[in-house]
Amino acid sequence: MSIKKNKSRIDLTEGPIFSNLLKFAVPILLGSIVTQFYNIADSVIVGQFVGSQALAAVSASSPLMSFINMFMIGLSSGSNVIIAQRMGAKNQKALQEAVGTVSCLTLICSVFITILGLCISKPLLRVLGTPENIFADSLSYISIVFLGTIGNMVYQMGSGALRGMGDSSWPFYFLLLCSVLNIVFNLLAVVVLGLGVIGVAIATALAQLISGIGILFRLNRGGYGVKVSFSTMRLSKTESGSIIAIGLPAAIQNVGNSIAALCVQTSVNFFGSDFIAANSIVTKVDDMINIPIMALSTALCTYVGQNMGVFRMDRIKKGINDSILSLCALGVFMCGILIAMRNVFPYMFTTDANVARIAGEGLFIMSFMCLFHGIDRCLVNAMRGAGKSVVPMVTAQFGAFSRIPLAYFLGVCTGNYKGIFFALLIASFLRTVAIAFYYYCGGWKKAVAKFEEKHRQKTAEA
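Described in the following lines is the structure provided in the data block. Predicted model, so just to flag it, every value in this text is computed and none were measured.

1. Topic: the overall build of the protein
Here's step 1: Secondary structure assignment for the protein yields 16 helices and zero strands.
Here's step 2: Its C-alpha atoms give the protein a radius of gyration of 22 Å, within 12% of the compact-globule value 23 Å for 462 residues.
Here's step 3: Its C-alpha atoms give the protein principal-axis dimensions of about 65 × 50 × 35 Å.
Here's step 4: Every one of the 462 residues in the protein was classed for burial, and the buried ones make up 54%.
Here's step 5: In the protein, 83% of the contacts between residues at least 6 apart in sequence involve partners at least 24 apart.
Here's step 6: Looking at the protein as shown, the accessible area adds up to about 20000 Å², and 69% of this sits on carbon and sulfur atoms.
Here's step 7: With 35 positive and 19 negative side-chain charges, the protein shows a separation of 7 Å between the mean positions of the two kinds.

2. Details of unusual backbone geometry
One can expect most non-glycine residues to show negative phi and most peptide bonds to be in trans.
Here's step 1: Positive phi outside glycine occurs at Phe 311, with the angle close to 55 degrees.
Here's step 2: Residue placement: Phe 311 occurs in the loop between α11 (291-308) and α12 (313-340).
Here's step 3: Judged by its relative accessible area of 31%, Phe 311 is partly exposed.

3. A word on the nonpolar core
If you look at soluble globular proteins, the nonpolar side chains tend to sit buried side by side.
Here's step 1: By size, the foremost hydrophobic cluster in this structure holds 62 residues, and its most contacted members are Leu 300, Val 304, Met 308, Ile 320 and Trp 444.
Here's step 2: The dominant element in this core, judged by the number of residues it contributes, is helix α16 (residues 418-461), at twelve residues.
Here's step 3: For Met 308, the contacting residues outside a window of four places in its chain are Gln 85, Met 313, Ile 316, Gly 385, Ala 386, Trp 444, Ala 447 and Phe 451.

4. Side note on a nonpolar patch on the surface
Here's step 1: A surface patch of nonpolar side chains, about 850 Å² in accessible area, is lined by Phe 49, Val 50, Leu 187, Leu 188, Val 191, Val 192, Leu 193, Leu 195, Ile 198 and Ile 202.
Here's step 2: When contributions to the nonpolar patch are tallied by element, the ones reaching two or more residues are α7 (169-192) and α8 (196-221).
Here's step 3: Counting residues per element, the nonpolar patch draws most heavily on α7, which supplies four residues.
Here's step 4: Locating Ile 202 in the fold gives a position in helix α8.

5. Observations concerning the pattern of salt bridges
Pairing of side chains with opposite charge becomes possible as their charged atoms draw close.
Here's step 1: Tallied over the entire structure, the rule returns seven salt bridges.
Here's step 2: Between Arg 377 and Asp 376 there is a salt bridge, with the nearest N and O atoms lying 3.5 Å from each other.
Here's step 3: With a relative accessible area of 12%, Arg 377 lands in the buried category.
Here's step 4: Note that Arg 431 is salt-bridged to Asp 376, the shortest N-O span being 3.2 Å. Note that Arg 431 is positioned in helix α16 and Asp 376 in helix α14 (residues 370-385), a separation of 55 residues in sequence. Take Arg 431 and Asp 376: they sit in the same class, and that class is buried.
Here's step 5: A cluster of three or more residues bridged by salt bridges with shared partners is formed by Asp 376, Arg 377 and Arg 431.

6. What to know about helix α5 (residues 132-147)
Since there are 3.6 residues in each turn of an α-helix, residues three or four apart along the chain are aligned in direction.
Here's step 1: If you check α5, its first and last C-alpha atoms are 23 Å apart, about what 16 residues at 1.5 Å a residue would give, namely 22 Å.
Here's step 2: Every buried residue of α5 is accounted for by Ile 134, Phe 135, Ser 138, Tyr 141, Ile 142, Ser 143, Val 145 and Phe 146.

7. Some remarks on the environment of Gly 331
Here's step 1: Secondary-structure assignment places Gly 331 in helix α12.
Here's step 2: Taking C-alpha positions, Gly 331 is 39 Å from Ala 94, a pair spaced 237 residues apart along the chain.
Here's step 3: Filtering out sequence-adjacent residues up to four positions away, Gly 331 remains in contact with Cys 370 and Leu 371.

8. Quick notes on the packing of aromatic side chains
Here's step 1: Applying the stated criterion across every chain, the model contains eleven aromatic pairs.
Here's step 2: Considering the side-chain rings of Phe 270 and Phe 271, the 5.1 Å spacing of their centres and the 90 degrees angle between planes classify their relative orientation as edge-to-face.
Here's step 3: In this structure an aromatic cluster arises from ring pairing among Phe 270, Phe 271, Phe 275, Tyr 417 and Phe 421.

9. Looking at the environment of Thr 298
Here's step 1: Here Thr 298 lies in helix α11.
Here's step 2: It is 11 Å that separates the C-alpha atoms of Thr 298 and Gly 374, two residues lying 76 residues apart in sequence.
Here's step 3: Residues within four places of Thr 298 in sequence aside, it is in contact with Ile 28 and Asn 381.

10. Regarding the packing of α11 against α12
The relative placement of two packed helices is expressed as an angle between their axes plus a distance between the axes.
Here's step 1: Contact geometry for α11 and α12: axes closest at 10 Å, N-to-C directions at 175 degrees. As judged from the angle between their axes, α11 and α12 are roughly antiparallel. Of α12, the residues touching α11 (which contributes Pro 292, Ile 293, Leu 296, Leu 300, Tyr 303, Val 304, Asn 307 and Met 308) are Met 313, Arg 315, Ile 316, Gly 319, Ile 320, Ser 323, Leu 327, Leu 330 and Met 334.
Here's step 2: Looking at the contact of α11 with α12, its residues break down into 13 nonpolar, three polar and one charged.

Conventions adopted
Residues numbered from 1 in each chain as written. Predicted model: local features only at pLDDT ≥ 70, side-chain atom pairs only at ≥ 80, totals over all residues. Heavy atoms only, no water. Helix = DSSP H or I, 4+ residues; strand = E, 2+ residues; numbered from the N terminus. Rg over C-alpha atoms; globule rule 2.2 N^0.38 Å. Buried < 20%, exposed > 50% of the residue type's maximum accessible area, 1.4 Å probe, protein only. Contact = heavy atoms within 4.5 Å. Areas by Shrake-Rupley, 256 points an atom, 1.4 Å probe, with all protein chains shown as cover. Lys, Arg positive; Asp, Glu negative; His and termini not counted. Charge placed at Lys NZ, Arg CZ, Asp CG, Glu CD. Core = buried A, V, L, I, M, F, W, Y, C linked by side-chain atoms within 4.5 Å. Patch = residues over 30% accessible without salt bridge, like charges linked within 9 Å, V, L, I, M, F, W, Y side chains within 5 Å. Salt bridge = Lys/Arg side-chain N within 4 Å of Asp/Glu carboxyl O. Expected span 1.5 Å × (residues − 1). Phe/Tyr/Trp six-rings, centres within 6.5 Å; stacked < 30°, edge-to-face > 60°. Axes fitted to C-alpha atoms, helices over the stretch in contact; angles between N-to-C directions. Parallel < 35°, antiparallel > 145°, perpendicular 65-115°, else oblique. Nonpolar A, V, L, I, M, F, W, Y, C, P; charged D, E, K, R; others polar.

Take a look at the structure:
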């Protein structure tokens, strides 16, 4: 099979750099927005049609689900990068081998996560202190979702593969389909069939399974020159090693960030319910306003991967520099928006004046993170696209876990809740400085040299 040209696939090794990056990033941006609304709609349906106790049961499972989802998303970055490199090199045989390896790893990881999840769900819910009145519902929900792991895993890994081949549109289409189906299935299971929390879990698992099947269908019929079937599933030692070497550190990074956030929550809780609510508002606004930064920097990972495949180092450096400059300019604009609207945004979430006041103070402090957050995200994804995934993991964990003592000493010890916000600002700045220092002081040259050495070894073996 050969690779056919199609409108949804963008060859990031050719043509105008920044406009292609933007076109590739738009579906990722839209997908992030859909995910935000998807999570809100899910909570609304459960809360309105099943009740507050059911909503609490689902919410109690969210930390565990967050760990699993973050792990899957991180692991999928490995498939994204390796397939992007093979696609950029226009090596059809290597591309098929990589896709076959991704397929096999997806199946293995799905079985492993399902079995592990079913074994640890009950004790972990105990450790998290899940109240007895919602424990049974929480356990039922999480168990059914774990049984449906394969659908989510296929979607995540398949989406990484499609993006690696230059197609960010179809992962978005199937995410949108999954979101719509999840809402429809939720309403059907809860309102019509009266299945409660179990129905919500079944709806989620079924919607994810359908989106996963859709991804497989697109990979086989989209003209990418690859085939996904049991006959093509081969676990190549070289390719699986490369995928895990990139994806596992990214997965650990995501899980580590979630763990650090849970640890910081103890300092947040110290200041009482009003501050907890205000901090939640600040986090939600920050997540929304950073979506463009995350979208473009994620697109940069595929861009670097494809261009590494053809050794276009000058093109890569220009793409990285253009992305950093653009996101810094965007960051200045977003910083201004947050400062100007800091006392407006909180009232989208609450009518409590005290909570809104605290959130406004937090948004003012957090607004300055926009000035440098784009640099961090661009360099992290650039290094990952070049196959150097451990260093971004280390710098990210440094930033995430340094926030824990900062929050305690600046917030709890001083008795000033603003210290919690300053802790995140300082930790994010330190993380940016760490990755920038590594990148500009020889880290990029090391990544290129290592990639070229691997290429020479493969050429010699062939």
